[in-house]
Every structure is written in structure tokens, then in C-alpha cells.
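An overview of the molecular structure
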Amino acid sequence: MLKNPVFVESFIVFIIVLSVHAVIWNRFSWCTLALAVQAYYVQHKWDRLLKSGNAVFQYRPAFSSGLLPASVVLPLLGIVLKERWEMIGNVHFERFCIVCSAAGMAIALFVSLLVLGLTKPIPTNTSIVYGFAACAITYTFKHSLSVSEVIEILEVLLIFVYLSLIVLYIMPRSFTPGEVMLFLSGLSIVTNQLIKRSLTFGDSRCDPLASFLLVAVVGTALLGLIFTILYCFMDSETWVSSLIFHVMVIIFGLGIMAPWFYRLTRNDLFVWFLKFLISTRTRIYLLSCWFTLAIVATVIVFYQNLKQSSTSKDYKASTVVRKIFHAILVATYVPGLIFDRQLLYIAAVFCFAAFVVLEYIRHFRIKPFGMTLRSMLTLFLDGRDSGPLILTHIYLLLGLTLPVWLFPGVFVPKSSFPGEIALAPYAGVLAVGIGDAMASVFGSTMGEVKWPGTKKTFEGTATSVFAQIIAVALILIFDKTVSLNGSYTWIVGSITIVSLLEAYTDQIDNLFLPLYLFIMLMV
């Protein structure tokens, strides 16, 4: 069984689930365990469907569908975040986390039901396991959620269904089933929250940071849908189409996103954004530093392209070169986490929106930069970029950013949380920026002993663990809000188990690893 990476990956996920519930136990713990068990059984059915070619949509080739790792992420996030909001006495966000956890379970059950319906003949044992899990979860929902919360979960599920049909149709081979479920689950919750807040009438004002995130994420997704439909009826590579693209982006930003932000916060988007950026001298220094790092990254991209033109057209950037961008992002995020997390929060939203728009320009070949971006980014293609979109750089940004967006400390004083929990926003930096980069570099250059059934090496994983431990020690020195308070064993164990997951998973590690490490550190 150790030679079966799917089994080992599932075993590691079960260890994480049991570890979390060994510390946090409530009425939703049984639900998460039942969900994980049924997802393990259904995952094998998904894998058979993918291998036989009987899946309805085209998915990214992988040795596992990733249903189990994706199914438990959102429920676990909701449970651990609910405990932290309860600690500071915020009932509103406590209930919201419960709804998110329940929505994640509902989506996972819905996806599993679809798989069972597609499997012929219908698997009896798996269906029985699924039935028991669904009954346990439904019973808990009935005694834990209000009618309005159940309606909100159904709204999220409905949005998820529509988004799944759209995304899987227009973006074939870009995701595994687990990746698309995790990605669209988060997008469905964000979309539902934006709609809910937009329809709330009165003088109440939403937090500008959260509102900027909601408007930017949903706005860029909506923009992509509009252009996809538009370019079905016209050639996107002409100058006329390109002019339409640029004009629509400006109109969408000024005419829709800015008024949308004002509707939520009663603040003019551009005035608020400018005041926010220049409000302190620290922010000006950080922005200058980040601008310099952005120039360095751009120079590296141009240098690699010049190197390609002078050598051969088959030239690809090496693992070491690609991991330089991890180092640049670490140098970007660590000062932001130490000195100004709110600025980092907003800057990450802005960069995410910019990355998505640039990918639209590359994908649709929008003049004058579309073909240039296409040739430049081809050098840095990952083996998992098998679909029409190049998502590696967006996944990397999200991997470092999601712990920052999810951490409650951005909205409350840092003293509201114990010192060891203050390490949680660094989950992306540790798991992806340092751990994954070190594992890839040392594993590809010095690794000899491979983990059974995978291409990953023991040396790479060991280097990843040691590098993250050293990084935690440095964080303790420079960030005075972080203190482990005797939780050294838990921190080292969390880093080790997530590093093992990196060695065995075939899902997008830039997306899954930070979330799992964040969950463990929040416990």
C-alpha cells in the first residue's frame, strides 16, 4: 500500500483530520469524519471514471481525482476559524464560519452524489457509506442551523452548480475534480457574500478591506465570463477586438466595480485606495521595496526569454530558476506580515486581479501584449498547466495569500490571539515559499532516495522540513507577536505532515499545502 500514492495521500489527510478534532471537538466533528470516510470511498469511483473516460467533462490528467483532500478543507477551515472568532466574542463571524463549514460539506456530498450517479453499476457498499454520512450531516444541520442559514447554504450550492457547468465547459483539462471543487467552493461563498451584502439596505457600512476583496474577486471572474462569451462571436486577435477589450476593462472598473465598492462601504474606491496607500511612512517604504522586487522579477523573465532566443526554441526554465520567484514572493510577504498586514492584504488583492487580467490578455491574444505574454510565460510552464490557461503563477500568489486573507487578525488587534496562532498567516510563506521551493530544488539536484510510488525524494522532503523549522525560528526573532508558548511539538509535527502531503499529492500543492498548514497552525 505504501507504493500507492493515493492511499498514502488519503492516510495523511485522515491524520490531519483526526489531529484537528483531537484538539477541537464539537457536533460538527462527527460530520467531518463521516464526510472524509465517504469521500475516500467515492474518490476511488471518481478515479475509475477518469481512467475509463466516462467523466462528463475533461479534467487535468492526474493519478487521483483529489476528492478527499478537497472535501475536508472547507469544513476544517470553518471549524477552526469558528473557534477563533468565538474566542474573541464575535458571534456574527462565528456563525458565518459554521455556514461555510456546512456549505463545504453540502458541496462535497453533492459532488459525491453525482459520482455515484455516473458510476455503472451503482456501487452498493459505497452508496451505503454515503447514505450514512449524508444522514449524519443532515441531522446535525437540522439541530445546528437556522432557516436563514440553511437557505444561505442552498444559495451557495446553487451558485456552485452554475459555476461548475461554466468553468468546466470553457476551461477543459485545467483542473482535477478536487481542484475545481475547492476553487469553486470558495468562489461560490465569496459571490454569495457579495450578493448578500449588496442587497442589504440601510446605513450600515461593510469593512473596506473585505469589500475590496469581494468586489475584485467576483469582478474579475465576471469579466472573464463576459469576454469568453464575447469572443465566441468575434476574433479576439484583431485590433478592433483588442480595443473593445481595453475599453470594457476600463468601463467595468469605473462603471461597475467602483460603484459596487461605494454601495458596500460608502467610500469612493480610488480616493480610499490612495489614502490607504500613503497613510503611513511604513507603507510607502514597503511599496517601494515591493516595486523594486517586481522589477527584479520582470528582469528575470526578460533575461530567460533572451536566453531562449539565443539558444534554442525548446529551452525551458529550470526548477531552480522557477523557484527564484518563490524567493521573491517570500521577500515580499514577510515584511508585509511583520510591519503592515492590512497593506499586504490589499496589495495581494490588487496583484491577484492584475494577474487574472493579464492571463485574459494572454489567453485571448489581446494586442499589443497578448502574444508577448504568451511566449514569455511558455518558458515557465508547469506540467500541470495542461489546459488552455496558465494558472501556475496565480496558484503561487493564492498559496501565499489565502492564509493572510483568512486570518482573523487582519480585522482585530493582534493581541486578541495567542502567540502561537499568530504564526498562522505565515502558512503560505512556510509551505509554498520555503518548503515547496526547497523540496523542489534539493530534490531535483541532490535527491536519490525516492518515496515509494512517487518522483519526490526523501532528501527534498527532509530539506523542506528543516528549512521551514529554521524559518519559524527566524520569524520568532523578527516578529514579536509570534511566540510558540510550548507548542513546539505541534508546530514541527504540522510542518512534517504537510511536507509529507507535498511528497505524495498530485493536486496543486501551491493551493492545498498552505490551507492544510494554516488549519493545523490555527488549532
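This is a predicted model, so every value here is computed, not measured.

1. Focus: the state of the cysteines
Each disulfide consists of one covalent bond between the sulfur atoms belonging to two cysteines. Per the counting criterion, the structure on display carries zero disulfides. Cysteine C31 shares no disulfide, and the gap to the nearest cysteine sulfur, in C135, comes to 12 Å. The thiol of C289 is not disulfide-bonded; the next cysteine sulfur, from C351, is found 13 Å away.

2. Details of a nonpolar patch on the surface
Judged by side-chain polarity, L274, I278, I284 and Y285 come together as a nonpolar surface patch covering roughly 430 Å² of accessible area. Position of Y285 among the secondary structure elements: in helix α11 (residues 281-310).

3. Looking at the environment of V167
Along the chain, the position of V167 falls in helix α6 (residues 147-170). Considering only alpha carbons, one finds V167 and S10, 157 residues apart in sequence, at a separation of 27 Å. Not counting residues within four places of it along the chain, the set of residues in contact with V167 comprises F175, V180 and L184.

4. Considering the pattern of salt bridges
Inspection of the entire model under this criterion finds eleven salt bridges. Residue E152 is joined to K196 by a salt bridge in which the shortest nitrogen-to-oxygen separation is 3.1 Å. Taken together, the positions of E152 in helix α6 and K196 in helix α7 (residues 177-198) put the pair 44 residues apart, joining distant regions of the chain. Here E152 falls in the buried class, since its relative accessible area comes to 9%. A single network of salt bridges, built from pairs that share partners, joins K82, E83 and E86.

5. Things to note about the packing of helix α8 (residues 208-230) against helix α10 (residues 269-277)
Running from N to C, α8 and α10 cross one another at 120 degrees; their axes reach a closest spacing of 12 Å. Classed by the angle they form, the pair α8 and α10 counts as oblique. Where α8 crosses over α10, the two elements pack in a sense that is left-handed. Residues P208, L209 and F212 of α8 pack against L269, W272, F273 and F276 of α10. Class assignment for the residues of the contact of α8 with α10 results in seven nonpolar, no polar and no charged.

Conventions and cut-offs
- Each chain has its residues counted from 1, running along the sequence as written.
- Reporting of local features is limited, given that this is a predicted model, to residues whose pLDDT is at least 70; pairs of side-chain atoms are given and counted only at 80 or more, and all residues count toward the totals for whole chains, interfaces and linings.
- For the side-chain quantities, the full set of heavy atoms in the structure was used; hydrogens and water were omitted.
- Disulfides are defined in this document as cysteine sulfur pairs within 2.5 Å.
- For patch detection, residues must exceed 30% relative accessible area and be free of salt bridges, and they are connected within 9 Å for like charges or within 5 Å for nonpolar side chains (Val, Leu, Ile, Met, Phe, Trp, Tyr).
- Surface accessibility in these figures is a Shrake-Rupley result with a 1.4 Å probe; residues are shielded only by whichever protein chains are displayed.
- A carboxyl oxygen of Asp or Glu within 4 Å of a side-chain nitrogen of Lys or Arg is what we treat as a salt bridge.
- Segments assigned H or I by DSSP are reported as helices when at least four residues long, segments assigned E as strands when at least two residues long, and all are numbered from the N terminus.
- Whether two residues touch is decided by their heavy atoms; if any such pair falls within 4.5 Å, the residues are in contact.
- Only protein chains enter the calculation, and the probe is 1.4 Å; a residue is then buried if its accessible area is under 20% of its type maximum, exposed if over 50%, and partly exposed in between.
- In this analysis an axis means a line fitted to C-alpha atoms, helices contributing only their contacting stretch, and an angle means the value between N-to-C directions, from 0 to 180 degrees.
- Relative orientations are named as follows: roughly parallel for angles under 35 degrees, roughly antiparallel for angles over 145 degrees, roughly perpendicular for angles from 65 to 115 degrees, and oblique for any other angle.
- With the far helix as reference, a near helix turned anticlockwise by less than a right angle produces a left-handed crossing, and one turned clockwise produces a right-handed crossing.
- Classes in brief: Ala, Val, Leu, Ile, Met, Phe, Trp, Tyr, Cys and Pro nonpolar; Asp, Glu, Lys and Arg charged; the others, Gly included, polar.

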